[in-house]
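The chain contents come next:
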Amino acid sequence: MNGLFTEVKIKPSDSKISHKDNILLIGSCFTDEIGGKFQICGFNTLKNPFGILYNPLSIATCLNRIAKQEFFSEEDLILSNEYYYLFSAHGDYRAKTKEECLEKINKSIKLNHEFLKQSDYIFLTLGTSWTYWYKPLNYLMGNCHKIDNKLIERRLIPYNESSKALLEAIQTIKTVFKKEYKIIFTLSPIRHWREGYRDNLVSKSHLVLAIEEMKKKDLVSYFPSYEIVMDELRDYRFYAEDMLHVNSTAVNYIWEKLSQTYFSSQTQELNKLFYKLWTMQNHRPLNSDTTLYSQHKEKIAELKQQLQPHTNLILH
């Protein structure tokens, strides 16, 4: 305790992530936040192949389908509000026609299969133990897609079922690609208040136990983003306006803790240079035909040349 807050002390990982590693991230909307940080800092990443997913069973299904290249068919689609959706995916995968919807998701499966083959690290962020099932077909849903509530059954997945499904998915990808992965679990600090305050606590408890079961087998590691928010950032100034999602200040703080855990000092210095490159590239000049802006572009080119040997990305 440092006198101002209760610190979550994290032992630095023996396994360090470098810019030569490929990183796949799957899970809740918190995954998008951290995945965005990786991308800005020059890491080769892909995130959420099926869009944002919250529950362990949907995340396990996503991993299995990508590894085996199990493509979706018309039986996996549902029509809602004049759009076709996929039971197993987020609403980002929707289209006016069946063909377009299937093309989008199956193209993602192909892309992520090839990426997973070359990946070194997989971050999996669990959000909730509550799942939703389409009753007519007993089909697990990655998202409800605003379907009639009468057609949906809500179920709590016990921690042992979650850990079993995830461990089986992890074993599948190791078998398919014949390689080991560094798999890091996180627990989303975002509260699912629509479930109710009590059910949110029950849900998170099951996720904590599921992760603990997997850790016992020494197949995965855990980064305490949830605990950091609960103990170090115990104040609503670290939350967005909805008072449920964490804000950019909190995300930056968590990213700093993650950096100290998984990055060497050299990698952290490279992160600063990649961030500088990102800000320079996103600069929008008032006048693009000036000498000053030409010099700005030359500096960008020089920085790219300096950074290119350190990353798997092709810096355009």
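Each remark here, short or long, concerns the structure printed above.
Described in the following lines is the structure provided in the data block.

Criteria and thresholds
- Residues numbered from 1 in each chain as written.
- Predicted model: local features only at pLDDT ≥ 70, side-chain atom pairs only at ≥ 80, totals over all residues.
- Heavy atoms only, no water.
- Patch = residues over 30% accessible without salt bridge, like charges linked within 9 Å, V, L, I, M, F, W, Y side chains within 5 Å.
- Areas by Shrake-Rupley, 256 points an atom, 1.4 Å probe, with all protein chains shown as cover.
- Salt bridge = Lys/Arg side-chain N within 4 Å of Asp/Glu carboxyl O.
- Helix = DSSP H or I, 4+ residues; strand = E, 2+ residues; numbered from the N terminus.
- Expected span 1.5 Å × (residues − 1).
- Buried < 20%, exposed > 50% of the residue type's maximum accessible area, 1.4 Å probe, protein only.
- Polar contact = N/O pair within 3.5 Å; in protein donor to acceptor, adjacent residues only side chain to side chain.
- Contact = heavy atoms within 4.5 Å.
- 1 Å grid on protein atoms, 1.4 Å probe; cavity = no way out; pocket = protein on both sides within 12 Å on 5 of 7 lines; lining within 4 Å.
- Points joined across faces, edges and corners; volume = space filled by probe spheres on them.
- Nonpolar A, V, L, I, M, F, W, Y, C, P; charged D, E, K, R; others polar.
- Pairing = 2+ DSSP bridges.
- Axes fitted to C-alpha atoms, helices over the stretch in contact; angles between N-to-C directions.

**Focus: a nonpolar patch on the surface**
A cluster of nonpolar side chains, Trp193, Tyr197 and Leu201, forms an exposed patch at the surface whose accessible area comes to about 350 Å². Of note, Trp193 is situated in the loop between β10 (182–187) and α5 (197–216).

**Quick look at helix α3 (residues 98–117)**
The end-to-end C-alpha distance of α3, which contains 20 residues, comes to 29 Å, matching closely the 28 Å that a straight helix rising 1.5 Å per residue would cover. Those residues of α3 lying buried are Cys101, Leu102, Ile105, Asn106, Ser108, Ile109, Asn112, His113, Phe115 and Leu116.

**Examining the side chain of His296**
With respect to the element layout, His296 can be found in helix α9 (residues 291–307). Accessibility expressed as a relative area gives 18% for His296, which makes it buried. Within polar-contact distance, the side chain of His296 engages the backbone oxygen of Met280 at 3.0 Å.

**Comments concerning the environment of Asn200**
Among the structural elements, Asn200 can be located in helix α5. Between the C-alpha atoms of Asn200 and Thr128, which are 72 residues apart in sequence, the distance is 7.6 Å. Non-local contacts of Asn200, meaning those with residues more than four positions away in its chain, are made with Arg191, His192, Trp193 and Glu195.

**Brief notes about the environment of Ile314**
As for its position among the elements, Ile314 is in the segment after α9. Distance in space between the C-alpha atoms of Ile314 and Phe223 is 29 Å, their sequence separation being 91 residues.

**Topic: the layout of surface pockets**
The computed volume of the largest pocket comes to approximately 660 Å³. Taken together, 21 residues make up the lining of the largest pocket; nearest its centre are Tyr54, Asn143, His192, Arg194 and Glu195. In terms of residue count, the dominant contributor to the lining of the largest pocket is strand β7 (residues 130–134) (3 residues). In the lining of the largest pocket, the residues fall into 9 nonpolar, 9 polar and 3 charged. Reported here for the second largest pocket is a volume of approximately 380 Å³. Those elements that place two or more of their residues in the lining of the second largest pocket are β10, β11 (221–223) and α7 (248–262).

**What to know about the sheet that holds strand β1 (residues 22–27)**
Spatial strand order, β2-β1-β6-β10-β11: 5 strands in an open sheet with parallel pairing. The open sheet terminates on both sides in strands that have one partner only, identified here as β2 (44–47) and β11. On average, each strand axis in the sheet is tilted by 25° relative to the strand beside it, whichever way the strands run. Pairing between β1 and β2: 4 bridges, direction parallel. In the sheet register, Leu25 faces β2, and the bridge partner there is Lys47. Against the sheet, α7 engages β6 (121–126), β10 and β11, with an angle of about 145° to β11.

Geometry only, nothing functional implied.
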